[in-house]
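Descriptive analysis of the structure
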Amino acid sequence: MEKSVLTKASHDTSPTGFTPVRIEVEGLRQSFGKFPALNGVSLAIEPGELLALLGPSGSGKTTLLRAIAGLATPDDGRILFQGEEANRLSLRERRVGFVFQQYALFRHMTVFDNIAFGLRVRPRKLRPKKSDIATRVQHLLKLVQLDDLGSRFPSQLSGGQRQRVALARALAIEPRVLLLDEPFGALDAKVRKELRHWLRGLHNETGLTTIFVTHDQEEALELADRVVIMREGVIEQIGKPADIYDHPATPFVCEFLGNIIKVNTTIVDGLAPALGKSFAPVGDASKGPAVAYVRNHDVDVLPDGSEGAAAKLLSTRTFGGSLALEFDVAGFAAPVEIHIPRMSDAPVAFTAGALYRLKARKAYVFSGR
Amino acid sequence: MSVSDNPVSETSFVRRALVTFVYGWLVLFLILPLVVVFVEALRQGIEPFFAALIEPDALTAIKLTLLVSAIAVPANLIFGLAASWAIAKFQFRGRNMLITLIDLPFSVSPVISGLVFVLLYGANGLFGQFLITHKLQIIFAVPGIVLATIFVTFPFVARQLIPLMQAQGNDEEEAALSLGATGFRTFLSVTLPNIKWALFYGVLLCNARAMGEFGAVSVVSGHIRGYTNTMPLHVEILYNEYNFVAAFAVASLLALLALVTLVLKSLLEWRDARNGKISAH
């Protein structure tokens, strides 16, 4: 038996063959032509952490991931693996398991050969015996639940299976850190969900420091220990999923995490009114123009005559367990959409054209416009 | 593979008419001329045929043709690999111009390609004086023929590889490198297998053209019998001397070379496809 976790039964909870590594990124800068992809990014990733890099396209998240992997050389800044400067290490010495967005499986090799590749290309002195490679590949196939598919070619696999082969191939080199670029981007919704849970389980099992890139906020919030929100090459906010969701630090984070209603308002005596209620701003502004961000589902719809902002119902639409209501509200150019849970015994009957009152439960107010 | 009765495909009449037309066209313009070459070559029996081939001037022409393609094909294989690698994998200034330039020999008449070399390296050419003082002969000698052949055949390998390598992108190479493979190992076990058929096909086409090139070589060779005559030039000379049997005999050899390369290509492709299937199941 080898020392690696990969040789053990998958429910073994004992310490693994992977050594979790602490990764530090200091003042990373990189530009492509005139376009700055990374504009001074600093970040520390704890050993064994599962970190999500979240942001819209062009925010620099993939560039950051590739820089950590060593696939791109930053113009400036340092990357430390367990205190050791990684810029000086070759790709081989970095031992990074990288899972590409389109998997990048070797199309002319079988699944088995794909997974074995990283072991076979080692220098002779470090290369395991042929039989050891075979054992290790078999264990990895079992780990990613593809036991019988070793002799298939990538073109004969489904998207989810290819994804898992790519993972097994990355794990074969016993990486110090696992990096995944949009790992679920090319899969359909159901497979995405399944793989997400499976990846979480795999992470718990291996304890590897893992970083993945995504533009899907739901994915990041559900899967990660911590989320890094990026925008135009800088980090907007770092935090635990719940903290980021409950305490967004900037208007951008507010807008990026879920559906919001933007309310132009003014802070007077440290309070800003928005949709029938007043809220204290984020930060310490006591007066001046501001924008309040209200999540679509953080608004109560009350009968006309109650306290709140007067609103005329335009239309209703159901989706799944929710009801989307479109209101015409004074002071808003576009219709305001509110989401409420859909219940058969709704206390309020909704009729298009009728008048209601809207009252926000929670709003994030940022001074300035 | 049989054509299935598919509601989306054409009616059987259109299908048959189209297939018949294509076959008819091929017979008329491809098969028939090829057959004629061999029929004419063997018109007076097997002995004159072989006599024409082992005649000293013919032998020299055959040797020269083999020598020229033995230099031109590897040269263009290396150039083609380098050019398509650079174009497909890197972004750099003048990249699009390079793609257009590679196509130049396709759009320029071979005669002009030959003339260009005469203007450069001929006695009255740009480098003519330099070459004469150093007693180097390029035009009307083997080096000129090699240069002209390389010029005419250099798009073949690159043209096959560029679209393929662009479509395949960089991902697999990056994956190999991140798994710890060296650059050379990555080239050998990832890049090369992915492009091997396109590369092989490019080399075959390049070789066929290198052996068969007439126009450019004709300008720079000087037609010195037994010295600077390649097979196509030799065929022309024999034909102009009304020595039809000998002309067609040498021509049939060229045609045979083309057929052999074609069969070789089909065989290798067939074998690879079968191996792929066996290990896949």
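Residues numbered from 1 in each chain as written. Chains lettered and ligands numbered in written order. Predicted model: local features only at pLDDT ≥ 70, side-chain atom pairs only at ≥ 80, totals over all residues. Heavy atoms only, no water.

**Observations concerning the overall build of chain A**
The condition is simple: Elements are defined by DSSP. Helices are runs of H or I of four residues or more, strands are runs of E of two residues or more, and each kind is numbered from the N terminus. Three exposure classes are used, based on accessible area relative to the maximum for each residue type with a 1.4 Å probe and protein chains only: buried under 20%, partly exposed in between, and exposed over 50%. We call two residues in contact whenever any of their non-hydrogen atoms come within 4.5 Å of each other. For every accessible area listed, the method is Shrake-Rupley and the probe measures 1.4 Å; residues are considered covered only by the protein chains on display. Think of it this way: Lys and Arg go in the positive column, Asp and Glu in the negative one, and His and the chain ends go nowhere. Think of each charge as sitting on NZ of Lys, CZ of Arg, CG of Asp or CD of Glu.
Looking only at helices and strands, one finds nine helices and 20 strands in chain A. Projected onto the principal axes, the alpha-carbon positions of chain A cover approximately 80 × 50 × 40 Å. Across the 369 residues that make up chain A, the buried fraction comes to 48%. A sequence separation of at least 24 residues applies to 67% of the contacts in chain A between residues at least 6 apart. Carbon together with sulfur atoms contributes 50% to the accessible area of chain A, which is approximately 17,000 Å² in total. Taking the average place of the 47 positive charges on the side chains of chain A and the average place of its 41 negative ones, the gap between the two points comes to 7 Å.

**With respect to the packing of aromatic side chains**
The relative placement of two aromatic rings is captured by the distance of their centres and the angle of their planes. Residue and element names in this part refer to chain A. Stated formally: Only centres within 6.5 Å qualify two rings of Phe, Tyr or Trp (six-membered ring in Trp) as a pair; their planes then separate them into stacked at under 30 degrees, edge-to-face at over 60, and tilted for everything else.
All told, the structure shown has 19 aromatic pairs over all chains when counted by the stated rule. Ring geometry for F106 and F117: centres 4.6 Å apart, planes at 55 degrees, overall tilted. Of this pair, F106 sits in the loop between β6 (96-99) and α3 (111-120) while F117 sits in helix α3, and the two are eleven residues apart along the sequence. Its relative accessible area of 4% is what places F117 among the buried residues.

**Remarks on the nonpolar core**
Residue and element names in this part refer to chain A. For the record, the criterion: In plain words, nonpolar cores are sets of buried Ala, Val, Leu, Ile, Met, Phe, Trp, Tyr and Cys residues tied together by side-chain atoms within 4.5 Å.
Within the largest apolar cluster, 49 residues are counted, with the highest numbers of intra-cluster contacts made by I115, L167, L171, L178, V227 and I229. In terms of residue count, helix α5 (residues 159-172) provides more of this core than any other element does, seven residues in total. Excluding its chain neighbours within four sequence positions, the residues that come into contact with L167 are V99, L178, L180, W198, L199 and L202. Judged by nonpolar contacts, the second largest core, of 41 residues, contains V21, V25, I45 and V121.

**Comments concerning the interface of chain B and chain A**
The cut-off we apply is this: Buried area is calculated as the accessible area (1.4 Å probe) missing from two parts once they are joined, with the contributions of both summed. In what follows, salt bridge is the name for a side-chain nitrogen of Lys or Arg lying within 4 Å of a carboxyl oxygen of Asp or Glu.
Facing 21 residues of chain B, the contacting portion of chain A comprises 25 residues. Together chain B and chain A conceal approximately 1,900 Å² of surface at their shared face, both sides included; 58% is due to carbon and sulfur atoms. The largest per-residue losses of area from chain B upon contact with chain A belong to B:E172, B:S178 and B:L179, which jointly make up 32% of the total buried on that side. The interface formed by chain B and chain A includes two salt bridges. Notably, a salt bridge pairs A:R107 with B:E172, separated by 2.7 Å at the nearest N-O pair.

**Looking at the packing of α5(A) against helix α6 (residues 189-206) of chain A**
Residues and elements named next belong to chain A. Put simply, the rule is: Between the N-to-C directions of two axes lies an angle of 0 to 180 degrees, each axis being a line fitted to C-alpha atoms and, for a helix, fitted only over the stretch in contact. The cut-offs work like this: below 35 degrees is roughly parallel, past 145 is roughly antiparallel, 65 to 115 is roughly perpendicular, and the gaps in between are oblique. Crossings are classed by handedness, with left-handed meaning an anticlockwise turn of the near helix from the far one by less than a right angle and right-handed meaning a clockwise turn. Classes in brief: Ala, Val, Leu, Ile, Met, Phe, Trp, Tyr, Cys and Pro nonpolar; Asp, Glu, Lys and Arg charged; the others, Gly included, polar.
Two elements in contact, α5 and α6, have axes separated by 11 Å at closest approach and are oriented at 20 degrees. Here α5 lies roughly parallel to α6, going by the angle between them. When the axes of α5 and α6 are compared, the crossing they make is right-handed. Note on element contacts: α6 touches α5 through V191, L195, W198, L199 and L202, opposite G160, Q163, R164, L167 and L171. Grouping the amino acids of the contact of α5 with α6 by side-chain chemistry returns seven nonpolar, two polar and one charged.

**Quick word on empty space enclosed by the protein**
Rule in force here: Site definitions follow a grid-based scheme: protein atoms alone, a 1 Å grid, a 1.4 Å probe that fits but cannot get out for cavities, and for pockets an open set with protein on both sides within 12 Å along at least five of seven lines, plus lining residues having an atom within 4 Å of a point. Grid points are joined across faces, edges and corners, and a volume is the space filled by probe spheres set on the points.
Tallying each qualifying case throughout the model produces three cavities of 30 Å³ or more. What lines the largest cavity is A:R107, B:K89, B:M165, B:Q168, B:G169, B:E172, B:E173, B:T191, B:N194 and B:I195. For the lining of the largest cavity, the secondary structure elements donating two or more residues are α9 (155-168), α10 (171-178) and α11 (183-212) of chain B. Broken down by class, the residue content of the lining of the largest cavity amounts to two nonpolar, four polar and four charged. In terms of lining residues, the second largest cavity is bounded by A:L50, A:L171, A:L178, A:L199, A:L202, A:H203, A:T206, A:L208 and A:T210. A breakdown of the residues in the lining of the second largest cavity according to their chemical character gives six nonpolar, three polar and no charged.

**A look at helix α4 (residues 130-143) of chain A**
All names here are of chain A. So the rule is basically this: A helix is expected to reach a length of 1.5 Å times the quantity of its residues less one. Directions from the helix axis toward the C-beta atoms define the arc.
Compared with an ideal rise of 1.5 Å per residue, which puts 14 residues at 20 Å, α4 spans 20 Å between its outermost C-alpha atoms and is within 8% of the ideal. Considered for burial, the residues of α4 that qualify are I133, R136, V137, L140, L141 and L143. One face of α4 carries all of its buried residues, which in axial projection span an arc of 155 degrees. Those residues of α4 hidden inside the fold are in contact with α3, α5 and α6.

**Some points on the side chain of A:T214**
All names here are of chain A. Tracing the sequence through the fold places T214 in strand β8 (residues 209-214). Residue classification places T214 among the buried residues on the basis of a relative accessible area of 0%. Once you skip the residues sitting within four places of it in the chain, T214 turns out to touch L53, L54, G55, K61, E182, E219 and A220.

**Notes on the sheet that holds strand β4 (residues 76-81) of chain A**
Residue and element names in this part refer to chain A. Our working rule: DSSP calls a pair of strands paired once it identifies at least 2 bridges connecting them.
Pairing is antiparallel across the open sheet formed by four strands, whose spatial order is β2-β1-β4-β5. Every other strand in the sheet has two partners, leaving β2 (35-45) and β5 (84-85) as the edge strands with one partner each. Two elements, strand β1 (residues 23-32) and β4, share five bridges in a ladder whose sense is antiparallel. Within β4, the residue paired with V25 across the bridge is I79. Strands β1, β2 and β4 of the sheet are contacted by helix α1 (residues 61-69), whose axis makes an angle of about 120 degrees with β1.

By themselves, these figures tell us nothing about what the structure is for.
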